[in-house]
Amino acid sequence: MLPFQDARKLVIRQTTPHILSHPRQASKKNLADALGDALAQEIRSDRDYPPFDRSTRDGYAVRSVEASEGATLRCAGEIKAGDTVTQPFVPGACIQIMTGAAVPAGADAVVMIEFTERTGDNVTFQRATSQGQNIVKKGSEAHSGDLALRPGIRLGFAELALAAQVGAAELLCARRPRVAILSTGDEVVPITEQPGPFHIRNSNSVSLAAQVRLVGGEPVSLGNALDRTDDLGAKIELGLNEDILVLSGGVSMGKYDLVETVLKSLGAEFYFDAVAIRPGKPAVFGRCRDTFVFGLPGNPVSTMVTFQLFVTPAIDVLGGARPRPLPLLEANLTKTLHEKPGLTHFLPAHFEWTGISPEVCPLSWQGSGDIAALTRANCFIVVPADRQDIPAGEKVSVLPRLDVI
Ligand code: AMP
Ligand code: MG
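Remember, predicted model here, so these are calculated numbers, not experimental data.

Each value, and the rule that gives it
Residues numbered from 1 in each chain as written. Chains lettered and ligands numbered in written order. Predicted model: local features only at pLDDT ≥ 70, side-chain atom pairs only at ≥ 80, totals over all residues. Heavy atoms only, no water. 1 Å grid on protein atoms, 1.4 Å probe; cavity = no way out; pocket = protein on both sides within 12 Å on 5 of 7 lines; lining within 4 Å. Points joined across faces, edges and corners; volume = space filled by probe spheres on them. Helix = DSSP H or I, 4+ residues; strand = E, 2+ residues; numbered from the N terminus. Nonpolar A, V, L, I, M, F, W, Y, C, P; charged D, E, K, R; others polar. Pairing = 2+ DSSP bridges. Axes fitted to C-alpha atoms, helices over the stretch in contact; angles between N-to-C directions. Contact = heavy atoms within 4.5 Å. Parallel < 35°, antiparallel > 145°, perpendicular 65-115°, else oblique. Left-handed = near helix turned anticlockwise from the far one by under 90°. Phe/Tyr/Trp six-rings, centres within 6.5 Å; stacked < 30°, edge-to-face > 60°. Buried < 20%, exposed > 50% of the residue type's maximum accessible area, 1.4 Å probe, protein only. Lys NZ or Arg CZ within 6 Å of the ring centre and 35° of its normal. Core = buried A, V, L, I, M, F, W, Y, C linked by side-chain atoms within 4.5 Å. Domains from an automatic or database assignment. Near = heavy atom within 4 Å. Polar contact = N/O pair within 3.5 Å; in protein donor to acceptor, adjacent residues only side chain to side chain. Areas by Shrake-Rupley, 256 points an atom, 1.4 Å probe, with all protein chains shown as cover. Sits in = over half its atoms within 2 Å of the grid points.

1. A word on the layout of surface pockets
Unfilled space is identified by rolling a water-sized probe across the atoms. Its boundaries defined by the atoms lining it, the largest pocket holds a volume of some 460 Å³. Along its surface, the largest pocket is lined by 30 residues, and Glu 187, Gly 249, Pro 297, Gly 298 and Asn 299 are the ones closest to its centre. If you list the elements that add at least two residues to the lining of the largest pocket, you get β13 (178-184), β15 (200-201), α3 (203-214), β19 (277-278) and α6 (300-318). Among the residues forming the lining of the largest pocket, the class breakdown is 9 nonpolar, 15 polar and 6 charged. Counted as a void, the second largest pocket has a volume near 320 Å³. In this structure, the second largest pocket is lined by 17 residues; those nearest its centre are Ser 207, Gln 211, Met 304, Arg 401 and Asp 403.

2. A look at the sheet that holds strand β17 (residues 244-248)
If you walk across this open sheet you meet the 6 strands as β16-β13-β17-β21-β20-β18, and the pairing is mixed. Strands at the two margins of the open sheet, each flanked by one partner only, are β16 (218-225) and β18 (269-272). Within the sheet, the average angular offset between the axes of one strand and its neighbour, ignoring direction, is 20°. Note: β13 against β17, 5 bridges, orientation parallel. Bridge assignment links Ile 181 to a residue of β17, and that residue is Val 246. Set on the sheet, α6 makes contact with β13, β17, β18 and β21 (291-296); between it and β21 the angle comes to about 170°.

3. Some words on the packing of α3 against α6
At a closest axis distance of 10 Å, the pairing of α3 and α6 adopts a crossing angle of 30°. Viewed along their axes, α3 and α6 adopt a mutual orientation that is roughly parallel. Here α3 and α6 pass one another in a crossing that is right-handed. Judged by residue contacts, Ser 203, Asn 204, Ser 207, Leu 208, Gln 211 and Val 212 of α3 engage Pro 300, Thr 303, Met 304, Phe 307, Gln 308 and Ile 315 from α6. Partitioning the contact of α3 with α6 into residue classes produces 6 nonpolar, 6 polar and no charged.

4. Quick look at the packing of aromatic side chains
Enumeration according to the criterion identifies 6 aromatic pairs in this entry. Each ring, one from Tyr 271 and one from Phe 285, has its centre 5.2 Å from the other, and the planes form 50°; the classification is tilted. Placement of the pair is Tyr 271 in strand β18 and Phe 285 in strand β20 (residues 284-288), with a sequence separation of 14 residues. Across the pair, Phe 285 and Tyr 271 agree in class, each one buried. Relative to Phe 285, the ring of Phe 272 has its centre 5.7 Å away and its plane inclined at 45°; by these criteria the two rings are tilted. In this pair, Phe 272 is assigned in strand β18 and Phe 285 in strand β20, connecting sequence segments 13 residues apart. Given the relative accessible area of 0%, Phe 285 is considered buried. Between the NZ or CZ atom of Arg 127 and the centre of the ring of Phe 115, over which it lies, the distance is 3.7 Å.

5. Re the nonpolar core
Ranked by size, the top nonpolar core spans 38 residues in total, and within it Phe 4, Phe 272, Phe 294, Leu 309, Phe 310 and Phe 346 carry the most contacts. Of all the elements in the fold, those that place two or more residues in this core are α1 (4-21), β13, α3, β17, β18, β21, α6 and β26 (379-383). Top contributing element to this core by residue count: α6, with 10 residues. Two domains share this core, each providing at least three of its residues, namely domain 1 (4-25 + 175-318) and domain 4 (329-400). Phe 294 has contacts with Val 11, Ile 244, Leu 245, Val 246, Leu 247, Val 284, Phe 285, Phe 310, Val 311 and Ala 314, leaving out every residue within four places of it along the chain. Counting 20 residues, the second-largest nonpolar core is a separate cluster that includes Leu 232, Leu 266, Cys 288 and Val 293.

6. Looking at unusual backbone geometry
Following Tyr 49, the chain continues into Pro 50 via a peptide bond in cis, with omega recorded as -10°. Tracing the backbone through its elements, the reader meets Pro 50 in the loop between β2 (43-44) and β3 (54-55). A positive phi angle is found at Asn 134, which is not glycine, with a value near 60°. Here Asn 134 shows up in the loop between β9 (122-125) and β10 (135-136). For Arg 289, which is not a glycine, the phi torsion comes out positive at approximately 55°.

7. With respect to the domain arrangement of the protein
One can read the domain layout of the protein as domain 1 (4-25 + 175-318), domain 2 (26-49 + 154-174), domain 3 (54-136) and domain 4 (329-400). Here the C-alpha centroids of domain 2 and domain 4 sit 38 Å apart.

8. Some details on the environment of Ala 372
With respect to the secondary-structure elements, Ala 372 resides in helix α7 (residues 371-376). For the pair Ala 372 and Val 301, spaced 71 residues apart in sequence, the C-alpha separation works out to 9.9 Å.

9. Let's talk about the site of ligand 1
Residues in close proximity to ligand 1 total 17 residues, the closest being Ile 200, Asn 202, Gly 250, Gly 298 and Asn 299. Separating an oxygen atom of ligand 1 from a backbone N or O atom of Gly 298 is a distance of 2.8 Å. A distance of 3.1 Å separates an oxygen atom of ligand 1 from a polar atom in the backbone of Asn 299. Protein contact buries 78% of the 490 Å² of open area that ligand 1 shows by itself. With respect to the detected pockets, ligand 1 is housed in the largest pocket.

Listed below in structure tokens is the structure:
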């Protein structure tokens, strides 16, 4: 059976040619609205950065050869951040300077105020001074015209700050992929309805929409389909108008698990229909007409895990962004684990870093229907398929829940 890493690669390999042949539409957005979007243009530096030789400390601008250990120089003035600095530096003196201010031409170092002693206008230097210290030279971060942000980058807080720095107040952003969400099951009722004694509320549609939004897609809710070919077929048809269709439930071996059969009757081809993981083994990925389709198992934790593993890279690629890597961490296991071999297990766990190294504690849970356990977890421990017992103290891989870590 397919290891989850290979299944992810298949998702990336199948979606990438599609985005190359169907370039995304794009629209201008204000920086304030662009968090999480994929950039669809080049952004270039409008000038050199820093735009002037910038002091990185509060202290004194000097000629380094004159500010040797024990030397005293007269302070001839001061420069604040934002001051216009046109006068060249007069040798034989120093100038008080603030962090972020321009270093005058002729000075070649800034001495931190902490390493000086001042009496009246006289400043004595307590340490040797080296050329260039505490100065970031004009243009050393970027030159005017340099590429600042390339198309396909996902806009996070640093990218938005860089756009702001170079004066790009609006950015051309790729249209977010539209992701249709369709749950299935005769037992599933809308969350606004009172469930009968053997019904359950449709929590998957809620968690899936949240996950879609979190990774940069636009959810399109299609409600729930009954476990009947006619209802399922009609609602899948609606989903085929979107970039991606994500179904929950109906992909296991039960008599009423009809998702694959109905998709096939509508012309779908499948790239995988099982992955060597638990929870989430029956996950399906394929394509039906121009829409990529995921059939995720219906147990809520299975749905969440398989979304993070397989749907996230599809949303990245189809949204015009580079697929993000799986953000695996490493931590010391605090409790011995016993798992059955053969499948990679994803176990709800709590990751914490209070001592000298990160630790992860597996949580007790009732299996993949246990949403409450997941709310106490902030990650999954990834137990490799070939490991049965992992003793406490050993390092294990940890997959963070993207929304809380
Ligand atoms: P299935 O994958 O269709 O066999 O579903 C497995 C189990 O997941 C069902 O028995 C339900 O308990 C649960 N389940 C299925 N769909 C949903 C849903 N939309 N919301 C919450 N739980 C669900
Ligand atoms: Mg079902």
